[in-house]
Amino acid sequence: MCGIVGAVAQRNIADILVEGLRRLEYRGYDSAGIAVVDLHKNYTRIRRIGKVRELANAVATSNLIGGTGVGHTRWATHGVPSEVNSHPHISGDITIVHNGIIENHQALRSLLQDRGYTFVSQTDTEVIAHLVEWERRTATSLLEAVQKTTAQLQGAYGAVAMDSNDPERLIVARSGSPIVIGHGIGENFIASDPLALLNITRRFMYLEEGDIAEITYDNVNVFDASGQHVERAVIELHAQQDAGEKGKYRHFMQKEVFEQPTALRNTLEGRLTHDAVITESIGVNAVDILNKVEHVQIIACGTSFNAGMTARYWFESIAGISCDVEIASEFRYRKFVTRPNSLLITISQSGETADTLAALRLAKKCGYMGVMTVCNVAGSSLVRESDFAFMTRAGAEIGVASTKAFTTQLATLLMLVTALAKQQKRISKAKEKEIVQALHALPEQIEQALALDKDIKALATDFADKQHTLFLGRGEFYPIAVEAALKLKEISYIHAEAYAAGELKHGPLALIDADMPVVVIAPGNDLLEKLKSNIEEVRARGGLLYVFSEQKSGFEAAHNMKIIRMPKVNEITAPIFYTVPMQLLAYHVALIKGTDVDQPRNLAKAVTVE
Ligand code: M6R
């Protein structure tokens with residue numbers, strides 16, 4: 001959480017910093033600030049509580065000029081969102097911006113108070129500012145002062161230090177929080193995510209764990225955790241520059257929902273023939289491992305966890321391989337048994353989720369035959385630290401509510417399951433062909449689901465004044481119901497829960513009354529008749545039913561029961577297809593409620609703290 005930008009340039013960088021923060025706002029949006037220094041050592045800092053636009057307004061009416069500077073958009077961890085807690089933090093000539101959590105901040109705070117430092121904020125970050133200031137008094141350079149400081153820090157940080165007395169350099173340190181360096185011509189930049197700088201450069205260097213880099217106009221010198229000078233590759237990114245723009249859409253979430261046909265086409269490209277999966281497209285090393293896998297352990301958080309839960313049905317029913325799925329924050333803190341020949345798969349949009357990353361690092365020491373990630377961000381920590389990555393190719397996802405990342409994760413996982421089944425000769429040629437053709441048909445079918453937008457918008461009015469909503473599904477549609485509930489609560493603040501429909505009579509049926517909307521995901525499959533009985537249980541108790549089902553499913557609209565007719569699609573890809581109306585429903589309810597759809601309260605896009 002929190003977004004960082006920095007620049008060392010021979011031009012005024014205020015607008016670059018503000019634009020970078022605007023693009024990073026998905027990482028946190030409680031408050032924002034920038035600080036710049038010019039060649040005459042004139043220093044200015046502006047901070048504002050609230051969104052980046054508050055900061056942008058303040059910067060526009062100021063006389064802020066400088067070629068070296070840092071910026072920060074905050075998601076509060078230590079200390080309430082307030083101007084005094086916003087970054088950058090200052091100690092003497094030293095300015096710091098920081099993403100992460102310093103776990104030993106209390107001990108350091110006491111030490112620094114004993115040395116005479118006065119703290120003005122409640123943040124853990126302020127200890128970094130004072131520590132660097134203290135070390136700078138005796139160190140030969142800012143670099144050395146930061147190296148001595150990081151040796152005393154415990155926890156996670158991506159941090160940038162600036163010395164207003166030395167205005168042509170920045171020092172950046174990475175430990176547990178992502179940092180990239182953007183390379184320009186006669187100028188260099190720093191950010192938490194390349195997206196912040198795509199309007200300026202395409203050439204990026206990813207810092208590795210423990211790296212500290214010194215950035216000037218012309219040079220980027222990187223030192224590893226042991227202080228050795230190291231080379232890190234500079235790569236060219238081909239991401240779209242308009243990735244950070246809403247275009248014709250009102251919200252990023254809406255844009256990303258409607259981008260799903262394209263995102264899915266990109267995900268499938270080069271990985272399927274007309275009737276088969278191209279196993280090698282997962283990677284040569286991956287194929288060796290797939291041949292031997294006897295068990296799969298999936299680890300993820302939030303929406304990515306729901307993708308894993310859906311994939312579990314596929315691993316077991318299509319590939320006949322046992323699969324466990326666990327929330328990363330649980331997995332990392334319990335004693336678990338690693339099964340023989342088990343492949344660990346992490347799933348993540350950002351590739352930076354702290355719990356998932358920690359679970360991966362733990363798993364690497366626990367005897368898994370390999371660690372793989374299904375991820376959307378090239379160069380992210382999960383991608384770099386896994387044995388191999390199967391990329392989802394959804395494109396940049398900015399809305400905090402994950403949408404196209406989820407459907408592309410599902411498509412990627414289905415390809416992986418099919419490849420695994422094929423490698424181990426557990427699938428017939430005909431079944432493989434059926435899955436592949438269903439995947440090929442999916443982008444067009446998602447377009448049909450998106451065409452329901454108007455109908456779902458009309459339906460949304462029924463939900464906006466309700467306090468609660470239940471979502472029901474069976475089999476692989478149960479995790480889709482869980483994802484639907486997550487979307488609704490996340491952006492509309494309506495309490496929503498999902499149940500496996502067969503579980504209803506074991507408790508939740510007591511909740512049903514005339515104020516309880518119950519959304520049922522009811523595709524035509526083997527479980528439809530069972531689901532119909534569950535629907536009757538709700539009807540008999542006066543619940544308000546909204547049934548998403550196919551034309552020929554036999555449902556008739558009735559008092560307190562609306563039927564949303566869905567086109568018929570292949571059973572295997574149906575979970576991906578039925579996700580789309582659920583996303584649209586959450587979006588339209590949130591619109592009516594007037595919430596901040598792209599940046600819902602208390603949340604951030606990339607959860608890089610525990
Ligand atoms: O980047 P990741 O996929 O690892 O993120 C995991 C969750 O934080 C994320 O899916 C979150 O639940 C979304 N906001 C849900 O829409």
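This brings us to helix H17 (residues 528–539). Under the 1.5 Å per step criterion, the end-to-end length of H17 is 16 Å for 12 residues, consistent within 8% with the ideal 16 Å. Listed as buried for H17 are Leu528, Leu531, Asn534, Ile535, Glu537 and Val538. Down the axis, H17 shows its buried residues gathered within 160 degrees of arc, on one side only. Exposed side of H17, more than 90 degrees from the buried face: Glu529 and Lys530 are the residues found there. Residues of H17 that are buried sit in contact with strand E21 (468–473), strand E23 (517–522), strand E24 (544–550) and strand E25 (561–566).

So, on to the sheet that holds E21. Spatial strand order, E22-E21-E23-E24-E25: five strands in an open sheet with parallel pairing. At either end of the open sheet lies a strand with only one pairing partner, and these are strand E22 (495–500) and E25. Each strand of the sheet is rotated relative to its neighbour by a mean of 20 degrees, with strand direction disregarded. The sheet contact formed by E21 and E23 spans three bridges and is parallel. Bridging across to E23, Leu470 finds its partner in Val518.

Burial along strand E12 (residues 212–215) is two-sided: the residues Ile212 and Glu214 and Ala213 and Ile215 are all buried. Both strand E8 (residues 170–175) and E12 contribute to a ladder of four bridges, which runs antiparallel. Of the residues in E12, the one forming a bridge with Ala173 is Ile212. Sheet topology places E12 next to strand E13 (residues 220–223); four bridges connect them, and they run antiparallel. Residue pairing in the sheet places Ile212 in a bridge with Phe223 of E13.

What follows concerns the site of the ligand. Lining the immediate surroundings of the ligand are 15 residues, of which Ser304, Ser348, Gln349, Thr353 and Glu490 lie closest. Separating an oxygen atom of the ligand from a backbone N or O atom of Thr303 is a distance of 3.0 Å. Contact between the ligand and Val400: a nitrogen atom at 2.9 Å from a main-chain N or O atom of the residue. Contact with the protein chains removes 91% of the 410 Å² of surface that the ligand exposes when unbound. Assessed atom by atom at 2 Å from the grid points, the ligand resides in the second largest pocket. Counting residues per element, the ones that place at least two in the shell around the ligand are helix H9 (302–317) and helix H16 (477–492). Class assignment of the residues belonging to the shell around the ligand gives a composition of five nonpolar, eight polar and two charged.

Attention now goes to the layout of surface pockets. Of the pockets and cavities examined, the second largest pocket occupies roughly 740 Å³. Around the second largest pocket sit 34 residues that line it, and Gly302, Thr303, Glu490, Ala604 and Val607 are the ones nearest its centre. Elements that contribute at least two residues to the lining of the second largest pocket include exactly H9, strand E18 (342–348), helix H11 (354–363) and H16. Sort the elements by how many residues they give to the lining of the second largest pocket and H9 lands first, with four residues. For the lining of the second largest pocket, the residue count by class is 16 nonpolar, 12 polar and six charged.

Let us now look at the packing of H9 against helix H13 (residues 404–423). Relative orientation of the contacting elements H9 and H13 amounts to 30 degrees, with a least axis distance of 9 Å. Here H9 lies roughly parallel to H13, going by the angle between them. For the crossing formed where H9 meets H13, the hand is right-handed. Here Thr303, Ser304, Asn306, Ala307, Thr310, Ala311, Trp314 and Phe315 of H9 come into contact with H13, specifically with Phe406, Gln409, Leu410, Leu413, Leu414, Leu416, Val417 and Leu420. Of the residues assigned to the contact of H9 with H13, the class counts are 11 nonpolar, five polar and no charged.

About the thresholds
Residues numbered from 1 in each chain as written. Predicted model: local features only at pLDDT ≥ 70, side-chain atom pairs only at ≥ 80, totals over all residues. Heavy atoms only, no water. Helix = DSSP H or I, 4+ residues; strand = E, 2+ residues; numbered from the N terminus. Expected span 1.5 Å × (residues − 1). Buried < 20%, exposed > 50% of the residue type's maximum accessible area, 1.4 Å probe, protein only. Arc of directions from axis to C-beta. Contact = heavy atoms within 4.5 Å. Pairing = 2+ DSSP bridges. Axes fitted to C-alpha atoms, helices over the stretch in contact; angles between N-to-C directions. Near = heavy atom within 4 Å. Polar contact = N/O pair within 3.5 Å; in protein donor to acceptor, adjacent residues only side chain to side chain. Areas by Shrake-Rupley, 256 points an atom, 1.4 Å probe, with all protein chains shown as cover. 1 Å grid on protein atoms, 1.4 Å probe; cavity = no way out; pocket = protein on both sides within 12 Å on 5 of 7 lines; lining within 4 Å. Sits in = over half its atoms within 2 Å of the grid points. Nonpolar A, V, L, I, M, F, W, Y, C, P; charged D, E, K, R; others polar. Points joined across faces, edges and corners; volume = space filled by probe spheres on them. Parallel < 35°, antiparallel > 145°, perpendicular 65-115°, else oblique. Left-handed = near helix turned anticlockwise from the far one by under 90°.

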